[in-house]
Amino acid sequence: MIWWLWVLLGFALLGCELLTPGGFFFMFFGLGAITVGALVRFDAAGPAWVQWFLFSLISLVFLIPLRGRLVRWVGAGEGAAAAAVDALVGQVAVLLDDLPPGQVGKAELRGTAWNARNADQQALRRGQRGKVTRVDGLTLWLQAE
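As the structure is a prediction and not an experimental result, all values here were calculated from the model.

A.B. asks: Tell me about the overall build of the chain, residues and numbers included.
C.D. replies: Regarding its fold elements, the chain presents 3 helices and 5 strands. The N-to-C order of helical and strand elements in the chain reads α-α-α-β-β-β-β-β. For the chain, the spread of C-alpha atoms along the three principal axes comes to 80 × 25 × 20 Å. Expressed as a percentage of its 145 residues, the buried residues of the chain come to 26%. Intrachain contacts of the chain at a sequence separation of at least 6 include 47% that bridge at least 24 residues.

A.B. asks: Quick rundown of the pairing of strand 3 (residues 112–118)? Include the residues and the values.
C.D. replies: A regular strand carries its side chains on alternate faces of the sheet. In the sheet, strand 2 (residues 104–109) pairs with strand 3 via 6 bridges, with the strands oriented antiparallel. Paired with Val104 across the bridge in strand 3 is Arg117. The antiparallel pairing of strand 2 with strand 3 creates a hairpin that spans 2 residues between the two strands, and Arg110 there sits at a positive phi of about 55°. Bridge count between strand 3 and strand 5 (residues 139–144): 4 bridges; the pairing is parallel. Bridge pairing in strand 5 places Asn115 opposite Thr139.

A.B. asks: Talk me through the pattern of salt bridges; I want residue IDs and the actual numbers.
C.D. replies: According to the stated counting rule, one finds 2 salt bridges in the structure shown. For Glu145, the salt bridge goes to Arg129, with nearest N and O atoms at 2.9 Å. Residue Glu145 is located in the segment after strand 5, and its partner Arg129 is located in strand 4 (residues 129–136); the two are separated by 16 residues in the primary sequence. In this structure Arg129 comes out as partly exposed when scored by relative accessible area, which is 45%. One salt bridge in this structure joins Arg134 and Asp136, with 3.7 Å as the shortest N-O distance. Among the residues examined, Arg134 registers a relative accessible area of 41% and is labelled partly exposed.

A.B. asks: Give a description of the sheet that holds strand 5 that names residues and reports values.
C.D. replies: One closed barrel holds the 5 strands; their spatial order is 1-2-3-5-4, and the pairing between them is mixed. Between one strand and the next, the sheet's axes are offset by a mean angle of 55°, whatever the strand orientation. As paired strands, strand 1 (residues 92–95) and strand 2 are joined by 2 bridges and run antiparallel to one another. Residue Val94 lies in a different strand from strand 2, and its bridge partner there is Glu108.

A.B. asks: Help me get a handle on the environment of Thr133, residues and values and all.
C.D. replies: By secondary structure assignment, the location of Thr133 is in strand 4. Assessed through its relative accessible area of 35%, Thr133 is described here as partly exposed.

A.B. asks: Before we move on, could you go through the nonpolar core and cite the residues and values that matter?
C.D. replies: Within the largest apolar cluster, 13 residues are counted, with the highest numbers of intra-cluster contacts made by Leu88, Leu109, Val132, Leu140 and Leu142. When contributions to this core are tallied by element, the ones reaching two or more residues are strand 1, strand 2, strand 3, strand 4 and strand 5. Dropping the residues within four chain positions of it, Leu88 is found in contact with Leu109, Arg110, Trp114, Val132, Val135 and Leu140.

A.B. asks: Explain the confidence of the model for the chain to me, and be specific about the residues and the numbers.
C.D. replies: With 92% of its residues at a pLDDT of 70 or more, the chain has an overall mean of 89. The spread of mean pLDDT over the elements of the chain runs between helix 3 (residues 48–86), the lowest at 83, and helix 2 (residues 26–41), the highest at 96.

Parameters and conventions
Residues numbered from 1 in each chain as written. Predicted model: local features only at pLDDT ≥ 70, side-chain atom pairs only at ≥ 80, totals over all residues. Heavy atoms only, no water. Helix = DSSP H or I, 4+ residues; strand = E, 2+ residues; numbered from the N terminus. Buried < 20%, exposed > 50% of the residue type's maximum accessible area, 1.4 Å probe, protein only. Contact = heavy atoms within 4.5 Å. Pairing = 2+ DSSP bridges. Salt bridge = Lys/Arg side-chain N within 4 Å of Asp/Glu carboxyl O. Axes fitted to C-alpha atoms, helices over the stretch in contact; angles between N-to-C directions. Core = buried A, V, L, I, M, F, W, Y, C linked by side-chain atoms within 4.5 Å. pLDDT = per-residue confidence, 0-100.

This is how it looks when you write it as structure tokens:
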């Protein structure tokens, strides 16, 4: 094959990677195609069947050691956000509304107003302190302190 066709295929595969959500597969095959294109350009790839073999081999050489690291690196931010929300359990919030059992109102925690649900069997009064027992999205579940 002509070297620039390999490079074109490589960039097309890299473009496909931009359209897929976080799989990180096309990128390594794109890098393999670009590498084979460079080898063909310098007459180091041989006939077409060798080029296709090199494409497969080089793509796997990129894919196997790098994909797992890249997925972990990109996913690290998501785990940190979940850990920060989980750290709110056990904190103390001040109620901004009266809350009958099982009802939703507002509470202040760390200077921010949150939705709060009364998880206790008794009513919680405005200004009372409540302990966070659970975080469900943007809602704090509170019990009397």
